[in-house]
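Structure assessment
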Amino acid sequence: MKIIATALEGIPGIEWYPIIGLFVFLIFFIILIIRVMNINQEEVSEFSQLPFDKGDTFVKDPTNHIN
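No experiment lies behind these values; they were computed from the predicted model shown.

Points about the overall build of the chain
The helix and strand inventory of the chain stands at 3 helices and 0 strands. Taken over 67 residues, the chain has a buried fraction of 0%. Surface summary for the chain: the accessible area is close to 6,800 Å², and the carbon and sulfur share equals 70%.

In structure tokens, the structure reads:
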């Protein structure tokens with residue numbers, strides 16, 4: 001582990017990378033939480049029915065030998 005620490009010490013500004021990564025992580029999840037809290041019930045009911053929607057199912061054609 002000392003080899004990695006020694007190698008990273010030579011990079012100028014390396015102390016900013018974890019801080020920037022944390023900010024990107026926090027901004028993403030704050031936007032995600034805001035989006036989830038502002039979603040309307042019509043979208044929720046539409047999303048909840050997607051797995052059961054019979055109109056968009058993929059049926060593999062047994063006569064198609066390319067797949």
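Quick notes on the packing of aromatic side chains
In the structure shown here, the tally under the stated rule is 2 aromatic pairs. Judged by centre distance (5.0 Å) and plane angle (85°), the ring pair of Phe 28 and Phe 29 falls under edge-to-face. Put simply, the rings of Phe 25, Phe 28 and Phe 29 touch in pairs and so form one group of aromatic residues.

What counts, and at which threshold
Residues numbered from 1 in each chain as written. Predicted model: local features only at pLDDT ≥ 70, side-chain atom pairs only at ≥ 80, totals over all residues. Heavy atoms only, no water. Helix = DSSP H or I, 4+ residues; strand = E, 2+ residues; numbered from the N terminus. Buried < 20%, exposed > 50% of the residue type's maximum accessible area, 1.4 Å probe, protein only. Areas by Shrake-Rupley, 256 points an atom, 1.4 Å probe, with all protein chains shown as cover. Phe/Tyr/Trp six-rings, centres within 6.5 Å; stacked < 30°, edge-to-face > 60°.

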